[in-house]
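Spelled out, the chains give:
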Amino acid sequence: MGQPLKAFTLKNEETYERLISLIENSQDRLALIVVACDDLRLRQQVIDRYESEAKQAKIRPFRIVLETEPSLRSGLASLELGEGYPAVVTVTGTEWLLRVTMREAEEQSDLDKFFGYLQWTREGLREFCYPIVLWVTHRILREMSKRAPDFWSWRKAVLRFASEEEEPTIALWQGEPRSPSIQERSDDKFLPPLEELLSEIQQLEAVSAESANLAMLYDQLGQVYAARIANGAARDLAQERQQAIAAFQSSVNQHQKLNNQVDLIGVLLRLGNFLSGQSQYEAAISAYQQSLEIAREIGDRGGEAASLGNLGVAYQSLGQYQRAIDFHQQSLEIKREIGDRGGEAASLGNLGIAYDSLGQHQRAVEFHQQHYEIAREIGDRGGEAASLGNLGIAYDSLGQHQRAVEFHQQHYEIAREIGDRGGEAASLGGLGNGYDSLGQHQRAVDFYQQSLEIAHEIGDRRGEANSRFNLGLTLAKLKRKKKSIEALQSARGLYQEMGLDHMVERCDSELRPTSPQN
């Protein structure tokens, strides 16, 4: 088999397995496999690995580098492929086309020429009965379907490799009504467009309903729907929520059939995260419990730590803080043991939130400060933003309201910078809390309204309930009783739907003194 190389991330390993399967199963016919990757070092590792495996399978590897005349057809014609031998052709060099400017007296850039050749020489490729692996950047891939639609319609498959430097963390933070809820940022940069993914699944199910690749495609489909909801792009929120859950569940079922336990852990965690983000905490706990059991069974310490951490977050959302602390502490110990600095930071942040909820605010500050320092050290802007927001909450609880506002403002600026809509809503809610504590109630109402709009837009029911709850409290201070009651009753209804009994009781407690008869 292939030479030892640096281990890929789970997602890249899945993509690699699909690529090698396509190469092996597409001999004796033309198969255009378009692969997007922006990391040149990773690309080289992948090429070296599949060429090595191809040689062992008696498949001859060939390479073409597109240069000044970026014609795929001409490059293929220059090869001495011979006949009757299995082969795979790797095409690189498209990344250079992005850097080449037009020469004097030329009307087309080299990139324009490349797309032109792709579009108009498709028929000329019929004679090549081999898999052709065309490597492009994600930018070129995005333009290919528009600028070379004829070629695009002939593609066998489109695969995407994500940079090994950008693996997202799984942890997720939730807060109480006066706290921001900082959700996991959807890393959808490398996910296929929805229509392309649906088409690919339909084609694969038609020819091979038992294919292992279906599990990966359904997992990606779930992530695409989840990202659309998180980014406020869902056209029908309720429908896409169900489609996301159904897609993740299809992936789970497929992995269970194939006994892919390592892959199953990742999908269950993503399903749990999505359910938790939609405030379906009991269902999320069920998914995390399954991932925890599998991780322990196969000795996957990273999966075990992630499952424990996310169980902590879910129980925290249900108001079971001591239970949450126990899970976070177990998760932290494993992450330190395996040297997962990003995961360690997430656990520290979650411990800070839990202790803050228990009224131990100074202890919470210490955990959030540790979280902030690690996030800065490893360049995690999302984690940095989360720790700043949580420091704001803790300082607000300690009565240092102006300092709290400064932290929430920093959180807001980073959330805007990185496009984190959930973080943006949370920081606006935090600013509302800070100004409310400073006695600037109308200003607080304005921030709560902005936070509410974003939470509603992205389908964050817990965030929406929290915004309405805080809005109700502040409107009462402004003597706007009717509006206050409406907001609190609305929050109560949402909390009841989510099964958050402790929050329903808090709403009831707040509603009693503000009811008209009192």
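A. Geometry of the pairing of strand β1 (residues 31–37). Most of β1 sits inside the fold, with seven of its seven residues counted as buried. Burial along β1 is two-sided: the face carrying Ala31, Ile33, Val35 and Cys37 and the face carrying Leu32, Val34 and Ala36 are both buried. Summarising the sheet, β1 and strand β4 (residues 131–136) pair through six bridges and their orientation is parallel. Along β4, the bridge assignment pairs leucine 32 with isoleucine 132. Note that β1 and strand β5 (residues 155–161) share six bridges and pair parallel.

B. Summary view of the sheet that holds β1. If you walk across this open sheet you meet the five strands as β2-β3-β4-β1-β5, and the pairing is parallel. Strands with a single pairing partner mark the edges of an open sheet, and in this sheet they are β2 (60–65) and β5. Across the sheet, the mean angle separating the axes of adjacent strands is 20° when strand polarity is ignored. In this fold helix α1 (residues 10–25) packs onto β1, β3 (87–92), β4 and β5, with an angle of close to 155° to the strand it touches most, β5. Those strands touched by helix α2 (residues 40–56) are β1, β2, β3, β4 and β5, and its axis lies near 150° from that of β2.

C. Region of the structure containing the packing of aromatic side chains. For the structure shown, the criterion picks out seven aromatic pairs. Judged by centre distance (5.6 Å) and plane angle (5°), the ring pair of tyrosine 435 and phenylalanine 447 falls under stacked. With tyrosine 435 in helix α19 (residues 421–437) and phenylalanine 447 in helix α20 (residues 441–457), this residue pair connects regions lying twelve residues apart in the sequence. Judged by its relative accessible area of 11%, tyrosine 435 is buried. When the centroid spacing of 6.4 Å and the interplanar angle of 70° are considered together, the rings of phenylalanine 469 and tyrosine 495 count as edge-to-face. On the criterion of sequence distance, the pair formed by phenylalanine 469 in helix α21 (residues 461–477) and tyrosine 495 in helix α22 (residues 481–497) is long-range, its members being 26 residues apart.

D. How the structure looks around the packing of α1 against α2. With their axes 11 Å apart at the nearest point, α1 and α2 run at an angle of 40° to one another. With respect to α2, the axis of α1 lies oblique. The element α1 and its partner α2 pack so that their crossing is right-handed. Touching Asn12, Glu13, Tyr16, Glu17, Leu19, Ile20 and Ile23 of α1 are Leu42, Val46, Arg49, Tyr50 and Glu53, all from α2.

Conventions adopted
Residues numbered from 1 in each chain as written. Predicted model: local features only at pLDDT ≥ 70, side-chain atom pairs only at ≥ 80, totals over all residues. Heavy atoms only, no water. Buried < 20%, exposed > 50% of the residue type's maximum accessible area, 1.4 Å probe, protein only. Helix = DSSP H or I, 4+ residues; strand = E, 2+ residues; numbered from the N terminus. Pairing = 2+ DSSP bridges. Axes fitted to C-alpha atoms, helices over the stretch in contact; angles between N-to-C directions. Contact = heavy atoms within 4.5 Å. Phe/Tyr/Trp six-rings, centres within 6.5 Å; stacked < 30°, edge-to-face > 60°. Parallel < 35°, antiparallel > 145°, perpendicular 65-115°, else oblique. Left-handed = near helix turned anticlockwise from the far one by under 90°.

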